[in-house]
Amino acid sequence: MKVNQGAILVFSFVGYTNQEITVQSSNTINVIMHEDTTTLEEVIVVAYGSQTRESIVGSVGVVSSKNIETQQVTSPLRALQGAVPGVSLITAGGQPGNNPTIRIRGISSEILERGPLIVVDGAPFNANLSTISQDQIESISVLKDASSSALYGSRASGGVILITTKKGHKNGSPRITFKSQIGLSNPTVGIHDLNAPEDYLKLTWQALKNTNQYENGQSETEAASSASNQLVDYLGYNPYNTTNPIDTNGNLVSGSNLLWNSNWEEEIIREDYLRINHNISMSGGSEKTRYFMSFDYLNEDGPVTTSNFERVSSRLNLETQVNDWLKVGLNSSFSRSNSSNPDQTSGSTTQVISWIYGLSSIYPIYARNANGELIRDASGNQIFDLGNGLVTGQAVNNTRPVFSGENLLATIILGKERRVRTNYLANAFAEIKLFDGLTFKTRFSFENYLLDSFSFEDDKIGSASGVQGRVSQNRDLTTTLNATQTLNYTNSFGNHNISIDAITEAYTNTQDDLLSQGSGFLPGIQDLNGSTVPETIGGNVITSRINSYLGRVGYNFNQKYYGELSWRRDGSTRFNKNKRWGDFLAGGASWVVSKEVFLSKNNTLTFLKLRASYGELGNNRTTSRFPFQSIFQTGFVNQENPGVLLEGISDADLRWEKVESLNIGTDFELFDGVISGTVEYYNKESVDLILEKPKPSSLGVNKVLTNIGSIRNYGWETSLRSINFNTNDFTWTTGINFSLNKNKWTKLPQEETLVGSKRYIVGGSIFDFFIREWAGVDSTDGRGMWYMDVIDTDGNISDKATTKNYAEATRYDIGKSSLPDIEGGFTSFVKYKQFDLNLLFNFSFGAYLLDTDYSSLINPFENPGASAHPDNFNAWKNPGDVTDVPLLLASNNDHASRSTRFLFKNDYVRLKSLTLGYNLPQSTIEKIGLNKFRIFLQADNILTWQSHKGIDPEQAFNGVSNNRSPLSKTITSGVLLEF
């Protein structure tokens, strides 16, 4: 470039402030670009298009690729946690590849799908999100209100998440980027503390003694002696070399040596497991064409032994301007993953945490004889202990009273739980410019998602040992076709600017499922074809369709006053013909106040926008594809003849659930973006909820699904960002976002409905606990107490008293909820010369957790063999003891039953991601032919502060634990090369 000395050159780039440089005598000009917070997210992907940040009238949260790259997320939506206010996210269990459960602005349905609609590159996405690599994503937009999401109509009640993949850049030379990371993971938090064998035997002895003394009427001396003699028989196993290892004082007998200590946690929950991720991509473009190609490999182990997730994914996105009036493009991807999935979340007895909590360390992993010595097979190998009487006549160390015939470690090692996911997605479009201002765009997408689930239960050990092994295999094929036709007209008339969209859309989803199961296998055979006893076979093909007509009109005057109106009409096969069509309207307006004369020259408040929107959204995502029909199930046998069974009666007039949504917000900037933020209030009421209405049992069914309920979610959301320093050598920015959400029922089919630990009642919340209230321990006899209402002769509540009978205790609305008072995230970015540090915290305060994991470990001795917590040592022992832990009993009692005793605050702050990087100077890397060379360290979930220990704070939205395995904290080192 030839310019005269003294001329001014303006350097600009999207997302950065313009830099004006005066030309001097030197032939070299060095320019450092600074991030511009006012334009970084200027163009935002919205429903069926994109808009400038300034023109948006609704509520849209955006996470860019820059933010996603600071985290290691196998499922990309985990990047939303702590980044977008109003988005609640929980990942249940540590199995890698699991998708998080997401709620946007509360729970908008009770029976239907509560989560958001996922749209990838303009088409609804039905596969597992772990099939998409995070390095292929350009941005994630979260549409939270009716104005922004109404164009998705009947599927938008839970919000909409738009994922946009990378496209490349026009007029850019080919750029190849290679990134490689390798590191180790560990469980984020430990599980509850458990007693070692000596302490476990002491506690069990105490429980036996108390039962003998206070339940069976023995003297204290007799009770103690009986307990010592009963102990080994009661448990079935003796890990010590003495016949009765606990004496009559409850202490370990002198000379007792421990023969084994089965630390099931150490055997099943592993440490320092591997995570590897490699990615290579190429992008670029010419004046008319841009492209992006990517290949990604991920291999991630989980906290449970053998758990693993391995994935390969590829993507090709291509777009070209064929001529002045035609543009075409193709977005395509292929992904295949293979995972090993030992049970970590079901709560069954062979689920990992259930096993650890359900079986004490006194029970060996490998079989022992009566003297405690290992039993080996003919080849000298150890034999897994099953506790089901391996040696006939052996009185001890042979039969256990819990989990008989099972050994979880053997089940995991000898069995197999495999999930193979294959996903192909192709999305093609053509855009035709009919004349100035009017374009026609046609888009067709095809998705093919195959989930192959395989389960093998060993023929020697476990529940299938009696049938010589079992194989279960399911193949679920989901095919989605989506076609949209769009006409868009934009024009300006002086200061008047309009945009009109007319759209039609046709959506077809087909679910093709096949399941089979067989038993009777020869040793070493795991293929279903080797089954000698076919047990189950089944399958079905179900297709559902949605046809839609959409319209949107946008208007602004002088880019100061904005208005938008949208409408969608959906017809769904999930409803009867007379209720099949639904209309969804929304509108919004905004006012850029800072462009008014009275504020335009204000140097403090440099940007201010007020906006409001209102509209209706729908929910047609029912569990059944045809909920309006009374369904008969086939496959039943009636005296050797084929039979059918009525599944239930239906409401032929069943219709959409609707959400009426109001959003009011303001966006502002102070001092030219040094401080910026957003404050929003929302009120979202779901009406015509589909709920179960009770019916007289004389009808043959006791309920019917019908539209009969309403629930309201409302609250505040705030997002703030500050540029604390911004110089050539040093930059520091911080941000915080948080939401204050509330929820309550406004209409129900009956006065109250009890659902687990909750009571649904008008005016109450779906998150409110309704359980018995713990009243402490009676110091005279050690019995636990609960509160109960006292009823007078008129049937009114006159007082409140205590009772030692759990069944008599009253369930109360105790004023505590599993819904947090506040949740959100905090970010900090620091850059000094070539070094940078990025931190992301997420937090939650005010929620309560009913820890049933912990309660299962308190006084478990009525069911011998289960693990116990050290807190049992605080139990009452003698009259006059003041404690909150009742006496231990080896007989029926309700001391560990559901009550406020096990309700805990679940506040936590987690350092969700930390990235420390160093970029080699440009002058250095240019010498070796690179555009960029970066080395970095990433740590995810590295620190967790929590008010309640022994459990991962991410459990469930209903606030009830369920023996879930912990998430992983991961530290990796990486390198990024670009040339």
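Conventions adopted
- Residues numbered from 1 in each chain as written.
- Predicted model: local features only at pLDDT ≥ 70, side-chain atom pairs only at ≥ 80, totals over all residues.
- Heavy atoms only, no water.
- Helix = DSSP H or I, 4+ residues; strand = E, 2+ residues; numbered from the N terminus.
- Rg over C-alpha atoms; globule rule 2.2 N^0.38 Å.
- Buried < 20%, exposed > 50% of the residue type's maximum accessible area, 1.4 Å probe, protein only.
- Contact = heavy atoms within 4.5 Å.
- Areas by Shrake-Rupley, 256 points an atom, 1.4 Å probe, with all protein chains shown as cover.
- Phe/Tyr/Trp six-rings, centres within 6.5 Å; stacked < 30°, edge-to-face > 60°.
- Pairing = 2+ DSSP bridges.
- Patch = residues over 30% accessible without salt bridge, like charges linked within 9 Å, V, L, I, M, F, W, Y side chains within 5 Å.
- Salt bridge = Lys/Arg side-chain N within 4 Å of Asp/Glu carboxyl O.
- UniProt positions renumbered as here; feature names shortened; annotations may be inferred.
- 1 Å grid on protein atoms, 1.4 Å probe; cavity = no way out; pocket = protein on both sides within 12 Å on 5 of 7 lines; lining within 4 Å.
- Points joined across faces, edges and corners; volume = space filled by probe spheres on them.
- Nonpolar A, V, L, I, M, F, W, Y, C, P; charged D, E, K, R; others polar.
- Axes fitted to C-alpha atoms, helices over the stretch in contact; angles between N-to-C directions.

Focus: the overall build of the protein chain
Move 1: Looking only at helices and strands, one finds 10 helices and 44 strands in the protein chain.
Move 2: For a compact globule of 979 residues, the expected C-alpha radius of gyration is about 30 Å, and the protein chain comes in at 32 Å, within 12% of that figure.
Move 3: Principal axes of the C-alpha set define a box for the protein chain whose edges measure 105 × 75 × 65 Å.
Move 4: Burial analysis of the protein chain (979 residues in total) assigns 52% to the buried set.
Move 5: Within the protein chain, residue pairs in contact and separated by at least 24 positions form 67% of the contacts whose partners lie at least 6 positions apart.
Move 6: Carbon together with sulfur atoms contributes 52% to the accessible area of the protein chain, which is approximately 42,700 Å² in total.

Focus on the packing of aromatic side chains
Any aromatic ring pair is given by two values, namely how distant the centres are and how the planes are angled relative to each other.
Move 1: With the rule as written, the count across this model stands at 22 aromatic pairs.
Move 2: Consider the rings of Y48 and Y152, whose centres lie 5.0 Å apart with planes at 25°: the pair is stacked. You can see Y48 sitting in the loop between strand 3 (43-46) and strand 4 (49-52) and its partner Y152 sitting in the loop between helix 2 (146-149) and strand 11 (160-165), a full 104 residues away along the chain.
Move 3: With 6.2 Å between their ring centres and 45° between their planes, F826 and F841 make a pair best called tilted. Taken together, the residues F826 in strand 38 (residues 822-832) and F841 in strand 39 (residues 835-845) connect sequence positions 15 residues apart.

Focus: the pairing of strand 36 (residues 797-803)
Move 1: Bridge analysis of strand 35 (residues 784-791) against strand 36 gives 6 bridges, and the strand direction is antiparallel. When the bridges of strand 36 are listed, W786 appears paired with T803.

Looking at a nonpolar patch on the surface
Move 1: A cluster of nonpolar side chains, M293, L316, L318 and L330, forms an exposed patch at the surface whose accessible area comes to about 290 Å².
Move 2: Mapped onto the elements of the fold, L318 is located in strand 15 (residues 308-321).
Move 3: On the basis of relative accessible area, L318 is assigned to the partly exposed category, the value being 40%.

So, the UniProt feature "domain: TonB-dependent receptor plug" (unreviewed entry) in the protein chain
Move 1: According to UniProt, the feature "domain: TonB-dependent receptor plug" (unreviewed entry) maps to residues 54-160 in the numbering used here.
Move 2: Spanning residues 54-160, this segment combines 7% helix with 25% strand, and its end C-alpha atoms are found 20 Å apart.

Re empty space enclosed by the protein
Move 1: For the structure on display, the rule yields 7 cavities of 30 Å³ or more.
Move 2: If you add up the space inside the largest cavity, you get close to 430 Å³.
Move 3: Lining the largest cavity we find 37 residues, and of these S88, P820, E823, S844 and F957 sit closest to its centre.
Move 4: Only strand 6 (87-90), strand 30 (730-747), strand 38 and strand 39 provide two or more residues apiece to the lining of the largest cavity.

Considerations on the layout of surface pockets
Move 1: Reported here for the second largest pocket is a volume of approximately 1,300 Å³.
Move 2: Along the walls of the second largest pocket sit 45 residues, with E113, F125, N126, A127 and R621 positioned nearest its centre.
Move 3: Those elements that provide at least two residues to the lining of the second largest pocket are strand 7 (101-104), strand 8 (117-120), strand 18 (438-457), strand 19 (470-493), strand 20 (496-519) and strand 21 (533-557).
Move 4: The class makeup of the residues in the lining of the second largest pocket is 17 nonpolar, 18 polar and 10 charged.

Some words on the sheet that holds strand 5 (residues 60-64)
Move 1: Taken in spatial order, the 5 strands of this open sheet run 5-10-11-8-9, and their pairing is mixed. Taken across any chain shown, the strands that pair with only one partner, and hence form the sheet edges, are strand 5 and strand 9 (123-124).
Move 2: When strand 10 (residues 137-143) meets strand 11, the two strands line up antiparallel, connected through 6 bridges. Looking at the pairing, I137 lines up with T165 of strand 11.

Overview of the environment of L143
Move 1: With respect to the element layout, L143 can be found in strand 10.
Move 2: Taking the C-alpha atoms as reference, L143 lies 8.2 Å from G58; in sequence the two are 85 residues apart.
Move 3: In this view, L143 contacts A47, S59, V60, S148, S149, Y152, G159, V160 and L162; residues no more than four positions away in its chain are not counted.

Overview of the sheet that holds strand 35
Move 1: One open sheet holds the 3 strands; their spatial order is 34-35-36, and the pairing between them is antiparallel. The sheet is open, and its two borders are formed by strand 34 (774-777) and strand 36, each paired with just one other strand. Strand-to-strand twist of the sheet, defined as the mean angle between neighbouring strand axes without regard to direction, takes the value 30°.
Move 2: The sheet contact formed by strand 34 and strand 35 spans 3 bridges and is antiparallel. When the bridges of strand 35 are listed, V777 appears paired with G784.

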